[in-house]
Amino acid sequence: MADALPSEFDVIVIGTGLPESIIAAACSRSGRRVLHVDSRSYYGGNWASFSFSGLLSWLKEHQENSDIENDSSLWQDQILENEEAIALSRKDKTIQHVEVFCYASQDLHEDVEEAGALQKNHALVTSANSTEAADSAFLPMEDESLSTMNCEMLTEQTPSSDPENVLEVNGAEVTGEKENHCDDKTCVPSTSAEDVSENVPIAEDTTEQLKKDRITYSQIIKEGRRFNIDLVSKLLYSRGLLIDLLIKSNVSRYAEFKNITRILAFREGRVEQVPCSRADVFNSKQLTMVEKRMLMKFLTFCMEYEKYPDEYKGYEDITFYEYLKTQKLTPNLQYIVLHSIAMTSETASSTIDGLKATRNFLHCLGRYGNTPFLFPLYGQGELPQCFCRMCAVFGGIYCLRHSVQCLVVDKESRKCKAIIDQFGQRIISEHFLVEDSYFSENMCSRVQYRQISRAVLITDRSVLKTDSDQQISILTVPAEEPGTFAVRVIELCSSTMTCMKGTYLVHLTCTSSKTAREDLEPVVQKLFIPYTEMEIENEQVEKPRILWALYFNMRDSSDISRSCYKDLPSNVYVCSGPDCGLGNDNAVKQAETLFQEICPSEDFCPPPPNPEDIVLDGDGLQPEASESSTIPEANSETFNESTNLGNLEESSE
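Definitions and cut-offs
- Residues numbered from 1 in each chain as written.
- Predicted model: local features only at pLDDT ≥ 70, side-chain atom pairs only at ≥ 80, totals over all residues.
- Heavy atoms only, no water.
- Salt bridge = Lys/Arg side-chain N within 4 Å of Asp/Glu carboxyl O.
- Helix = DSSP H or I, 4+ residues; strand = E, 2+ residues; numbered from the N terminus.
- Buried < 20%, exposed > 50% of the residue type's maximum accessible area, 1.4 Å probe, protein only.
- Pairing = 2+ DSSP bridges.
- Axes fitted to C-alpha atoms, helices over the stretch in contact; angles between N-to-C directions.
- Contact = heavy atoms within 4.5 Å.
- Expected span 1.5 Å × (residues − 1).
- Disulfide = S-S within 2.5 Å.
- Parallel < 35°, antiparallel > 145°, perpendicular 65-115°, else oblique.
- Nonpolar A, V, L, I, M, F, W, Y, C, P; charged D, E, K, R; others polar.
- Phe/Tyr/Trp six-rings, centres within 6.5 Å; stacked < 30°, edge-to-face > 60°.
- Lys NZ or Arg CZ within 6 Å of the ring centre and 35° of its normal.
- Core = buried A, V, L, I, M, F, W, Y, C linked by side-chain atoms within 4.5 Å.
- Polar contact = N/O pair within 3.5 Å; in protein donor to acceptor, adjacent residues only side chain to side chain.

Considerations on the pattern of salt bridges
For side chains bearing opposite charge, pairing can occur when the charged atoms are close.
Now for step 1: Enumeration over the complete set of coordinates arrives at 25 salt bridges.
Now for step 2: Between Arg40 and Asp92 there is a salt bridge, with its nearest N and O atoms 3.4 Å apart. With a gap of 52 residues between them, Arg40 in the loop between strand 2 (34–37) and strand 3 (49–50) and Asp92 in the loop between strand 4 (83–87) and strand 5 (95–102) connect regions that are remote in the sequence.
Now for step 3: Exposure remark for Asp92: the relative accessible area of 15% places this residue in the buried category.
Now for step 4: Through salt bridges with shared partners, a single network forms among Asp38, Arg40, Asp92 and Glu435.

Structure (structure tokens):
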């Protein structure tokens, strides 16, 4: 039971985001006694993934969160004369300016099986920005923070986020269970548009058939468990630090991955595919033969640019965009290299940074597929859970819905000595790792946070239609106005297990300059159109239609010096939330740095011992042997299906 925890640990970790989960796994693997707690009811913090109704519940939690007050009377009497307390915040202020829009049609005669269904408001479709539409559909204006004010919602998380199941199901079993969307009590059958249409006679009128095949909001609610919606949108570089860590620690056996199938560019109002590999370049019809040779020559130089310092030494003080103009590249090639290979903007990167980004892109090509990127099946929220499972395997103790009231600090040594939890229990430890969002406003008063603008869209088709409807794409839309930032668009298909069949899940991300909607809506309008009843009759609609949209701002607490936190004890370490970057290198670097402070000179997440090599001459190794032997390897599949890192690593070498 959570209210009967041991009274002493070596490391206490507060928060279950990716950096905290990696550190907890590393400390547990090195033999430390680890307590990992989170006041939330799910793993991952701002790195989590939710089913559709689970996401609605998350929105409601943030609305209710604004009313939470910290009752200090529960723990003040436990603070001794030579101690002082640092109260932790119970309000999560990392998410702001949340706005929800529902464009999918709602059949009022159709039963909605799950609670929390937002009723369709047709005024919203034609005037989504009007005050009247916003009020009637519970949508906020720009000065409000939540759009789900009066909507009752059902609390449901994805199967992978269930705290009771996350540490019990291996990668192979996860695939089977989640595809069926069944648990011990509930089985949600598929009711996709294709299944519905099978029982409907072929209509003579094409318009009537299109109306019958449309995806309604009720259908999205019914198939909500097929969605795994990430709060943070990232990809994994195939030779990045996180992939290397997953393979080294053997945590990769708890997850499977899909290769990103294509990289897109947005030029002159059109979306087009960018050639990645050498074969793609020479097969491309977008480039002339001269351009192909120019591009291959420049990319060959970028792979080993450090060997040719004379080629870039005089350009170190200018942007990568200006440097590309000095090379023998056409404007078309400059655009492709800048936005689709280096994935930067005209003003964001120096020459050296651009060359490094280009080299990293090329270095990652071909390891697991035709692009440098991988995406975890069932969403980014799987990754923290994978490391949490490793921590539990080696003895870590987990408590969700378990809040920490305060840190207890010794006045003389200025070191933290214990925590006091929600039950008033005092738990002693040597080291404390705390996710940034748990600190109070007073402690963070000197911190200057950046913000990330996020949008999540459910659409009816891809931004670039091809013969295959199972494409996973990344697209960078350049900034058009000074003071704004390029927008990264990641489009996921149903084979990633993140959305229902017949839909796409689209994530948009950029550094904030305004609210998320103000930052991202111009790009949304370029690529998509709202789904309306009138457009159902028009078969020639070129752009994908938006069925549902969510905008919000997320705090970026990365790269903040610990000196910015007021009166932070020396043995309390701060873990940041997600950053705005595409990869996860920042989280891994942070975790390794903090681990080395706690466990100097120890190996960071070494591979688990082979059960066959363990000599059972004591009780200490017995659990490792039995646990390792009961967790089978996940089956590796082809690149078109899913990727098991361990097996493919051997073949790639």
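A closer look at the sheet that holds strand 16 (residues 431–435)
Now for step 1: Here we have five strands laid out as an open sheet, ordered 12-2-1-16-23, and parallel in their pairing. Each edge of the sheet is formed by a strand with only one pairing partner; in this case those strands are strand 12 (397–399) and strand 23 (572–575). Geometrically, the sheet is characterised by an average inter-axis angle of 15 degrees between neighbouring strands, direction not taken into account.
Now for step 2: Of the strands in this sheet, strand 2 and strand 12 are in contact with helix 15 (residues 382–393), which crosses strand 12 at around 130 degrees.
Now for step 3: Sitting on the sheet, helix 18 (residues 585–598) is in contact with strand 1 (11–14), strand 16 and strand 23, with an inclination near 170 degrees to strand 23.

Notes on helix 11 (residues 289–303)
Now for step 1: Taking 1.5 Å of rise per residue, the 15 residues of helix 11 would be expected to cover 21 Å, and the 21 Å separating its terminal C-alpha atoms lies within 8% of that figure.
Now for step 2: Among all positions in helix 11, only Glu291, Lys292, Leu295, Met296, Phe298, Leu299, Phe301 and Cys302 are buried.
Now for step 3: Packed against the buried residues of helix 11 are helix 10 (278–283), helix 12 (320–326), helix 13 (331–341) and helix 14 (351–364).

Quick word on helix 16 (residues 516–527)
Now for step 1: Helix length check: helix 16 (12 residues) gives 17 Å between terminal C-alpha atoms against 16 Å at 1.5 Å per residue, within 8%.
Now for step 2: When we look at burial in helix 16, the residues that qualify are Ala516, Arg517, Asp519, Leu520, Glu521, Val523, Val524 and Leu527.

Overview of the state of the cysteines
Now for step 1: Under the definition given, this model contains zero disulfides.
Now for step 2: Counting only cysteine sulfurs, Cys564 is the nearest neighbor of Cys444, a cysteine outside any disulfide, at a range of 10.0 Å.

A look at the sheet that holds strand 4
Strands pair in a sheet through their backbones, by hydrogen bonds, and they do so in one of two ways: parallel or antiparallel.
Now for step 1: Spatial strand order, 4-13-14-15: four strands in an open sheet with antiparallel pairing. The open sheet has two free edges, formed respectively by strand 4 and strand 15 (426–428), since each of these has just one partner strand. Averaged over all neighbouring strand pairs, the angle between strand axes comes to 30 degrees, with direction disregarded.
Now for step 2: Across five bridges, the pairing between strand 13 (residues 404–410) and strand 14 (residues 416–421) is antiparallel. Paired with Val404 across the bridge in strand 14 is Asp421.

Remarks on the packing of helix 13 against helix 14
Now for step 1: Closest axis-to-axis distance for the helix 13/helix 14 pair is 10 Å, and the angle between their directions is 75 degrees. Compared by their axis directions, helix 13 and helix 14 come out roughly perpendicular. The residues of helix 14 that touch helix 13, namely those facing Val337, Ser340 and Ile341, are Ala357, Thr358 and Phe361.
Now for step 2: Residues that form the contact of helix 13 with helix 14 fall into these classes: four nonpolar, two polar and no charged.

Description of the packing of aromatic side chains
Now for step 1: Applying the stated rule across the entire model yields 18 aromatic pairs.
Now for step 2: In this structure an aromatic cluster arises from ring pairing among Tyr42, Phe50, Trp58 and Phe552.
Now for step 3: The positively charged end of Arg267 is found above the aromatic ring belonging to Tyr335, 4.8 Å away from the centroid.
Now for step 4: One Lys or Arg, Arg555, reaches over the ring of Tyr449 and ends 4.1 Å from the middle of that ring.

What to know about the environment of Tyr312
Now for step 1: Counting through the fold element by element, Tyr312 comes out in the loop between helix 11 and helix 12.
Now for step 2: According to the relative accessible area criterion, Tyr312 is buried, its value standing at 7%.
Now for step 3: In contact with Tyr312, other than residues within four places in its own chain, are Phe301, Tyr305, Glu306, Tyr323, Thr351, Ile352 and Leu355.

Details of the pairing of strand 13
Now for step 1: Counting buried positions along strand 13 gives seven out of seven residues, so the element sits mostly inside the fold.
Now for step 2: Pairing analysis gives five bridges linking strand 4 to strand 13, with the strands arranged antiparallel. When the sheet's bridge partners are listed, Ile86 is paired in strand 13 with Leu407.
Now for step 3: Connecting the antiparallel pair strand 13 and strand 14 is a turn made up of five residues, with Arg414 showing a positive phi of about 60 degrees.

Regarding the nonpolar core
Now for step 1: In this structure, Phe52, Phe298, Phe373, Leu508 and Trp548 are the most contacted members of the largest nonpolar core, which totals 102 residues.
Now for step 2: For Phe52, the residues in contact, after removing those within four places along its chain, are Tyr217, Ile220, Ile221, Gly224, Phe227, Ile229, Ile458 and Trp548.
Now for step 3: Counting 46 residues, the second largest nonpolar core, distinct from the first, contains Val232, Leu236, Leu242 and Ala591.

What to know about the environment of Asp567
Now for step 1: Take Asp567: it is sitting in the loop between strand 22 (545–556) and strand 23.
Now for step 2: Given the relative accessible area of 52%, Asp567 is considered exposed.
Now for step 3: Separated by 481 residues in the primary sequence, Asp567 and Ile86 place their C-alpha atoms 9.2 Å from one another.
Now for step 4: In contact with Asp567, not counting residues within four places along its chain, are Ile86, Arg414 and Met443.

As for the environment of Asn360
Now for step 1: Among the secondary structure elements, Asn360 is positioned in helix 14.
Now for step 2: Sequence separation of Asn360 and Cys302 is 58 residues, and the distance between their C-alpha atoms is 9.4 Å.

Some words on unusual backbone geometry
Now for step 1: Its identity is not glycine, yet Asn250 carries a phi of approximately 70 degrees, on the positive side.
Now for step 2: Along the chain, the position of Asn250 falls in the loop between helix 9 (241–249) and strand 8 (257–259).
Now for step 3: The backbone of Met343 shows a phi angle near 50 degrees, a positive value even though the residue is not glycine.

Quick word on the side chain of Ser238
Now for step 1: One can find Ser238 in the loop between strand 7 (236–237) and helix 9.
Now for step 2: In this structure the side chain of Ser238 is engaged in a polar contact, spanning 2.6 Å, whose partner is the backbone oxygen of Cys364.
Now for step 3: Excluding its chain neighbours within four sequence positions, the residues that come into contact with Ser238 are Ile243, Cys364, Arg367, Tyr368 and Pro372.

Description of the packing of helix 11 against helix 14
Each pair of packed helices can be summarised by the angle the axes make with each other and by the distance between the axes.
Now for step 1: Helix 14 packs onto helix 11 with a crossing angle of 100 degrees between their chain directions and a minimal axis gap of 8 Å. Looking at the two axes, helix 11 sits roughly perpendicular to helix 14. On the side of helix 11, the interface is formed by Leu299, Phe301, Cys302 and Met303, while helix 14 contributes Leu355, Thr358, Arg359, Leu362 and His363.
Now for step 2: Residues that form the contact of helix 11 with helix 14 fall into these classes: six nonpolar, two polar and one charged.

Honestly, that's just the spatial picture; any functional story needs more than this.
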